[in-house]
Amino acid sequence: MEVQRLETFVAVAQSSTLAEAADRLGYARSTVTSHLQGLERALGASLLERGASVNRLTKAGARLLEYATDILDKVAQAQAAVTAAAEDRPSSLSIGATASLCTYRLPSFLRTLRRLMPNLETQVFVGSVAELRDQVGRGELSAALVNSATVPAAANRPAGEGDRRHLWTDRVVLVGAPELVARPQRLLVTAPGCVYRDIAEKEALPRLGRVQVQQVGSVDGVKSSVLGGMGVGVMPAIAVGPQLESGQLVEMPLSQLSPVMTELIWNAEVTPAHVIPHLQRLRPPQPLPSTRPRASRVTRVTSGHAS
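Report on the accompanying structure.

## Details of the sheet that holds strand E8 (residues 232-236)
Moving on, step 1. Across the sheet, five strands lie side by side as E7-E6-E8-E5-E9; this open sheet has mixed pairing. The two strands at the open ends of the sheet, each matched to only one other strand, are strand E7 (212-217) and strand E9 (250-251).
Moving on, step 2. Two strands pair when backbone bridges link them, and strand E5 (residues 172-176) and E8 are joined in this way by four bridges, in the antiparallel orientation. Pairing of Val-175 across the sheet is with Gly-233, part of E8.
Moving on, step 3. The strands that helix H9 (residues 219-227) touches are E5, strand E6 (186-190), E7 and E8; relative to E8, the one it contacts most, it runs at about 140 degrees.

## Things to note about helix H2 (residues 18-25)
Moving on, step 1. Taken as a whole, H2 has its buried residues at Leu-18, Ala-21 and Ala-22. All buried residues of H2 fall inside an arc of 100 degrees around its axis, so they share one side.
Moving on, step 2. Elements that come into contact with the buried residues of H2 comprise helix H1 (3-13) and helix H3 (29-43).
Moving on, step 3. Directly after H2, the chain includes Gly-26, whose backbone phi takes a positive value near 80 degrees.

## Comments concerning the pairing of strand E3 (residues 143-148)
Moving on, step 1. Here E3 lies mainly inside the structure; six of its six residues are buried.
Moving on, step 2. A two-sided burial pattern is seen for E3, the buried positions comprising Ala-143, Leu-145 and Asn-147 on one face and Ala-144, Val-146 and Ser-148 on the other.
Moving on, step 3. Two strands pair when backbone bridges link them, and strand E1 (residues 92-97) and E3 are joined in this way by three bridges, in the parallel orientation. Each residue of the ladder has a partner; that of Ala-97, found in E3, is Leu-145.
Moving on, step 4. Across six bridges, E3 lies against strand E10 (residues 260-266) in antiparallel orientation. Looking at E10, one finds that Ala-144 is bridged to Ile-265.

## Thoughts on the nonpolar core
Moving on, step 1. Leu-174, Leu-187 and Val-234 are the most contacted members of the largest nonpolar core, which totals 29 residues.
Moving on, step 2. Considering every element that reaches this core, the biggest residue donor is helix H8 (residues 195-208), with six residues.
Moving on, step 3. The residues contacting Leu-174, other than those within four sequence positions of it, are Leu-187, Ala-204, Leu-208, Val-232, Gly-233, Val-234, Val-250, Glu-251, Met-252, Leu-254 and Leu-257.
Moving on, step 4. Membership of the second largest hydrophobic core comes to 20 residues, among which are Ile-95, Phe-109, Trp-168 and Trp-266.

## Points about the packing of H1 against H2
Moving on, step 1. Taken N-terminus to C-terminus, the directions of H1 and H2 make an angle of 125 degrees; their axes are 8 Å apart at the nearest point. Between H1 and H2, the angle falls in the class oblique. You can see that H1 and H2 cross each other, and the crossing is right-handed. Contact residues: Glu-7, Thr-8, Ala-11 and Val-12 in H1; Leu-18, Ala-21, Arg-24 and Leu-25 in H2.

## Description of the pattern of salt bridges
One side chain can pair with another of opposite charge once the charged atoms of both are near each other.
Moving on, step 1. Summed over the entire model, instances satisfying the criterion amount to nine salt bridges.
Moving on, step 2. A salt bridge links Arg-164 to Glu-263, with the nearest nitrogen and oxygen atoms 2.8 Å apart. Note that Arg-164 is positioned in strand E4 (residues 163-170) and Glu-263 in strand E10, a separation of 99 residues in sequence. Assigned by exposure class, Arg-164 and Glu-263 land together as buried.
Moving on, step 3. For Glu-201, the salt bridge goes to Arg-197, with nearest N and O atoms at 2.6 Å. Highlighted residues: Glu-201 and Arg-197, both in helix H8, separated by four residues, approximately one helical turn.
Moving on, step 4. The class of Arg-197 is buried, set by a relative accessible area of 12%.
Moving on, step 5. Three or more residues are tied together by salt bridges with common partners; here these are Arg-133, Arg-164 and Glu-263.

Calculation criteria
- Residues numbered from 1 in each chain as written.
- Predicted model: local features only at pLDDT ≥ 70, side-chain atom pairs only at ≥ 80, totals over all residues.
- Heavy atoms only, no water.
- Pairing = 2+ DSSP bridges.
- Helix = DSSP H or I, 4+ residues; strand = E, 2+ residues; numbered from the N terminus.
- Contact = heavy atoms within 4.5 Å.
- Axes fitted to C-alpha atoms, helices over the stretch in contact; angles between N-to-C directions.
- Buried < 20%, exposed > 50% of the residue type's maximum accessible area, 1.4 Å probe, protein only.
- Arc of directions from axis to C-beta.
- Core = buried A, V, L, I, M, F, W, Y, C linked by side-chain atoms within 4.5 Å.
- Parallel < 35°, antiparallel > 145°, perpendicular 65-115°, else oblique.
- Left-handed = near helix turned anticlockwise from the far one by under 90°.
- Salt bridge = Lys/Arg side-chain N within 4 Å of Asp/Glu carboxyl O.

Purely geometric numbers; function is a separate question.
If you want it as structure tokens, here you go:
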């Protein structure tokens, strides 16, 4: 089996249509079809259900996907190891992240990097979104995880940031203790410059009426203060999932708040050349078309897709 055909198959499995996969790969649709047909001939099995309006894997296709992802990861690991050995220097990456991402997203991201590049050394620095963007642009950091209410348009991207990948979209909630949400007296907020502070002030506060605004620092500070009965607060749903499920906290029935996007940005001039292909393969979490019902939640970023 050719690696290129496996890459095409994985992209198709992660896309709704062949056209979407072709656009993602930068191929003509006929090339995608040719790669799939060649793979099916080599394996003697059909990989996609024919006639479906969206891509759906057959049982054989779903089985191949389990192996194809591992094979491509191993190939990428081999390429990185060989390149690092040829350059005769250790692989290292300085990564920045906001305080909230350090708690809720960075651990899984670092596990993915370690799986893809076992010998990669990482150093993590914490800062605000503005600080991290500036540091990546100046080359003081190789890469950074930053979040915003929207992904910046290409025209507004600061020069020198190299490339980027959108990795997560998190639902944002306004929560409080059950006895407080009916008549909230205080809105607890993070520090200025935090995306959750902006959403709290611009979207939640106008809907709450006359309440006191109190700054309590980070997302963890808001969560702890809300759990302590000090007021209501805006935070990512991932931060309070267990508390919402147990009924310890409840979500206030306001209109939907803006989701928060998290992207990885990096500076190609200071990021090791053999690391960049791994970063470029990272993709947002997406349910994979298969013969089984689609998963409703993903928790781990992986190369090529997130799962």
